[in-house]
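Now for the letters of each chain:
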Amino acid sequence: MRIVLGVAGGIAAYKAALVLRLLTEAGHDVRVVPTRAALEFVGRATWEALSGHPVSTEVFEDVADVPHVRLGREAELLIVAPATADLLARATHGRADDLLTATLLTATCPVVMAPAMHTEMWLHAATRANVATLRARGVHVIDPDSGRLTGADTGPGRLPEPEAIVAAALATVETGGVRDLAGRRVVISAGGTREPLDPVRFLGNRSSGKQGVALARAAWARGAEVTLIGANLTVPAPAGVRLVPVGSTTELREAVRAAAVDADVVVMAAAVADFRPAAHAAHKIKKRPDGTVAPVELVQNPDILAELAADRPRPGQVVVGFAAETGDEHGDVLHHGREKARRKGADLLAVNAVGDGLGFGTAENSVVLLDAHGTEVGAATGSKDVVAHAIWDAVVSRTAE
Ligand code: CTP
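S.K.: Explanation requested: the pairing of strand 16 (residues 318-325) in the structure shown.
M.R.: Across the 8 residues that make up strand 16, a large majority, 7, are buried. Relative to strand 16, strand 13 (residues 265-268) runs parallel, the two being bridged by 4 bridges. Bridge pairing in strand 16 places Val 266 opposite Val 319. Since strand 16 and strand 17 (residues 348-353) lie parallel, the crossover through helix 13 (residues 333-344) that links them has a hand, and here it is right-handed.

S.K.: Explanation requested: the packing of helix 4 (residues 67-74) against helix 6 (residues 99-106) in the structure shown.
M.R.: Each packed pair of helices is defined by two parameters, the angle between the axes and the distance between the axes. Put simply, helix 4 and helix 6 touch, their axes get as near as 8 Å, and they point 50° apart. Accordingly, the angle class assigned to the pair helix 4 and helix 6 is oblique. Regarding helix 4 and helix 6, the two cross each other, and that crossing is right-handed. Side by side, helix 4 and helix 6 meet where Pro 67, His 68, Val 69, Leu 71, Gly 72 and Arg 73 of the first sit next to Leu 99, Ala 102, Thr 103 and Thr 106 of the second. Grouping the constituent residues of the contact of helix 4 with helix 6 by class yields 5 nonpolar, 4 polar and 1 charged.

S.K.: What should I look at first to understand the domain arrangement of the chain in this one?
M.R.: Think of interface size as the accessible area that goes away when the parts come together; that is how it is often given. Along its sequence, the chain is carved into domain 1 (2-174) and domain 2 (185-400). Centre-to-centre separation of domain 1 and domain 2, based on C-alpha positions: 35 Å. Each partner contributes to the interface: domain 1 provides 13 residues, whereas domain 2 provides 7 residues. With both sides pooled, the region where domain 1 packs onto domain 2 buries about 750 Å², and carbon together with sulfur makes up 69% of that total. Contact with domain 2 buries area across many residues of domain 1, yet His 140, Ala 171 and Glu 174 alone supply 44% of it, more than any other trio. Where domain 1 meets domain 2, there are 0 salt bridges.

S.K.: Any chance you could explain the sheet that holds strand 16 here in plain terms?
M.R.: Hydrogen bonds between backbone groups are what pair the strands of a sheet, and the pairing can be parallel or antiparallel. Here we have 8 strands laid out as an open sheet, ordered 12-11-8-13-16-17-18-19, and mixed in their pairing. Edge positions in the sheet fall to strand 12 (242-246) and strand 19 (376-383), since each has one partner strand and no second. Neighbouring strand axes in the sheet, compared pairwise and without regard to direction, differ in orientation by 15° on average. Docked against the sheet, helix 11 (residues 249-260) engages strand 8 (185-191), strand 11 (225-231), strand 12 and strand 13, running at close to 170° with respect to strand 11.

S.K.: Looking at this structure, I do not really get the site of the ligand. What am I missing?
M.R.: Taken together, 15 residues sit near the ligand, with Met 268, Ala 270, Phe 322, Lys 340 and Lys 344 positioned nearest. In the environment of the ligand, an oxygen atom lies 2.8 Å from a nitrogen or oxygen atom belonging to the backbone of Leu 305. Between the ligand and Phe 322 there is a distance of 2.8 Å, counted from an oxygen atom to a backbone nitrogen or oxygen. In isolation the ligand has 570 Å² of accessible area, and contact with the protein removes 79% of it. Most atoms of the ligand, that is more than half of them, are within 2 Å of grid points of the largest pocket. Contributions of two or more residues to the shell around the ligand are made by helix 12 (304-311), strand 16 and helix 13. The greatest single-element share of the shell around the ligand, amounting to 4 residues, is contributed by strand 16. Of the residues in the shell around the ligand, the class split is 9 nonpolar, 1 polar and 5 charged.

S.K.: Explanation requested: the pairing of strand 7 (residues 154-158) in the structure shown.
M.R.: Looking down a regular strand, the side chains alternate between one sheet face and the other. Bridging between strand 6 (residues 145-148) and strand 7 involves 4 bridges; their strand directions are antiparallel. Bridged to Arg 148 within strand 7 is Thr 154. Hairpin connection, strand 6 to strand 7: the antiparallel pair is bridged by 5 residues.

S.K.: Would you mind showing me how to read the side chain of Glu 325 here?
M.R.: Its location among the elements puts Glu 325 in strand 16. Residue Glu 325 is classed as buried on the basis of its relative accessible area, which comes to 9%. When sequence neighbours within four positions are dropped, the list of residues in contact with Glu 325 reads Val 333, His 336, Gly 337, Lys 340, Val 351, Asn 352, Ala 353 and Val 354.

S.K.: Honestly, the sheet that holds strand 1 (residues 2-7) in this entry has me stumped. Any pointers?
M.R.: Spatially, 2-1-3-4-5 is the arrangement adopted by the 5 strands of the open sheet, whose pairing is parallel. Strand pairing shows two members of the sheet lacking a second neighbour, strand 2 (29-34) and strand 5 (140-141), which therefore form its edges. Here strand 1 pairs with strand 2 via 6 bridges, running parallel. Paired with Ile 3 across the bridge in strand 2 is Val 30. On top of the sheet, helix 1 (residues 13-25) reaches strand 1, strand 2 and strand 3 (77-83); it is set at about 175° to strand 1, its chief contact.

Cut-off values and rules
Sequence order as written defines residue numbering, which begins from 1 separately in each chain. Whole-chain, interface and lining totals are the exception, using all residues; otherwise, since this is a predicted model, local features are given only for residues with pLDDT of at least 70 and side-chain atom pairs are given and counted only at 80 or more. The side-chain quantities take in all heavy atoms of the structure and omit both hydrogens and water. Each residue's exposure class comes from its accessible area (1.4 Å probe, protein chains only) as a fraction of the maximum for that residue type: buried when under 20%, exposed when over 50%, partly exposed otherwise. Secondary structure elements are defined from DSSP: runs of H or I of at least 4 residues count as helices, runs of E of at least 2 residues count as strands, and each element is numbered from the N terminus. Strands are labelled as partners when DSSP assigns at least two bridges between them. Here the term right-handed applies to a crossover when the path leading from its first strand over the helix to its second strand runs clockwise, the strands being oriented away from the viewer. In this analysis, axes come from line fits to C-alpha atoms, helices being fitted only over the stretch in contact, and the angle between any two N-to-C directions falls in the range 0 to 180 degrees. Our angle categories are set so that under 35 degrees counts as roughly parallel, over 145 as roughly antiparallel, 65 to 115 as roughly perpendicular, and the remainder as oblique. Helix crossings are classified by the rotation of the near helix relative to the far one: an anticlockwise turn of less than a right angle makes the crossing left-handed, while a clockwise turn makes it right-handed. Here a residue-residue contact requires only that any non-hydrogen atoms of the pair lie within 4.5 Å. Note that Gly is not counted as nonpolar here; it falls among the polar residues with everything else outside the nonpolar set of Ala, Val, Leu, Ile, Met, Phe, Trp, Tyr, Cys and Pro and the charged set of Asp, Glu, Lys and Arg. By convention here, the domain bounds are inherited from an automatic or database domain assignment. Buried area: the accessible surface (1.4 Å probe) lost by two parts on joining, summed over both. Each salt bridge in this description consists of a side-chain nitrogen of Lys or Arg and a carboxyl oxygen of Asp or Glu lying within 4 Å of one another. Here a residue counts as near a molecule or strand whenever at least one of its heavy atoms sits within 4 Å of it. Counting of polar contacts relies on pairs of N or O atoms within 3.5 Å, with two restrictions inside protein: one atom must be capable of donating a hydrogen and the other of accepting it, and residues adjacent in sequence are counted only when both atoms are side-chain atoms. Computed with the Shrake-Rupley method and a 1.4 Å probe, the accessible areas treat only the protein chains shown as cover for residues. Points on a 1 Å grid over protein atoms alone make up a cavity when a 1.4 Å probe fits among them but cannot get out, and a pocket when they form an open set with protein on both sides within 12 Å along at least five of seven lines; lining residues each have an atom within 4 Å of a point. Pocket or cavity membership: a molecule qualifies when more than half of its atoms sit within 2 Å of the grid points of that site.

Here it is as structure tokens:
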């Protein structure tokens, strides 16, 4: 893919060298367009050596080639990392005072900007307004991470990790630039809950969180504002989404219910423990001298999905669930899936077979999508990204009805 990597003048410019490296190693042809200020942080030689292309900051270099028009027209993806407050302001106003802003005006491909700046600058009304304008125009602006900034200060403003920026940016191309979830607020639960038994032990499950994370990345790429309620995720949360980490089913339930109040779509992709120990011992449970074992009493957890489907915290909200099934003597995977669809009342239920290397922790997934009557409304097999997009397609066609 032909990618333009714009680099603005902030200290995080050094991380853009890693973004570049990841993109070229994945086989992409990357043209780097730094601003003059960016070269104060990382020099031209670094960008030329890592990209294998000459690098310019100016429209007036190499004029016969009309680089600002050619670069913008040819790009299939344009990433700006880091995007400084000044770069966001210039892009918002359509300025063309260097090669990067001129290229932004000629590009018709997906544009992804990863801002990085001091917290005060990120939270300033001017920057907030600029980001809102850029988003309304279809630019994918990745919210910065919170954490350590250049000096001793901490807060929102950190450039996300290069891997996260690259994954988010490539995800916007997968959708073909479609932003059919723009303006939608979605809440996704992912991972597996852990039910504490004592301070060191828990009852858990094998969910990795990969499918939920893929759903979050796909929704973000399609323009949604995403809250990811992550229960013990084994994979990093995607860039651009708001992560709410939780541990137990009780915490997950509270977080989902709070976030669902103003959500257009709620997807329960988390593997929620059906049971929890009746008591949480304050101290580690010790072996008994007589060799007997204390029984663990379990109580049933509330069914968060069924509660959401029944309560509908927001009118018109679409509630999506998953059904992890194995067939048994009463019926196959789909039979159990149809029963669950009717029982839970979710608008969509993604039924997948688990066990024997299927589903949990694997890269591939295969699901059948059922509506609340148990009628098949879609199916997908492939990577968890493919499955995620199929689920969003079904959600979008439901909301269009
Ligand atoms: N779920 C939930 N709350 C629970 C259990 C499950 O919200 N206490 C949600 C899951 O996130 C998933 C769906 O319900 O979206 C189905 O989960 P699954 O484990 O397949 O079903 P169960 O409700 O546990 O039904 P059963 O044990 O009968 O298979």
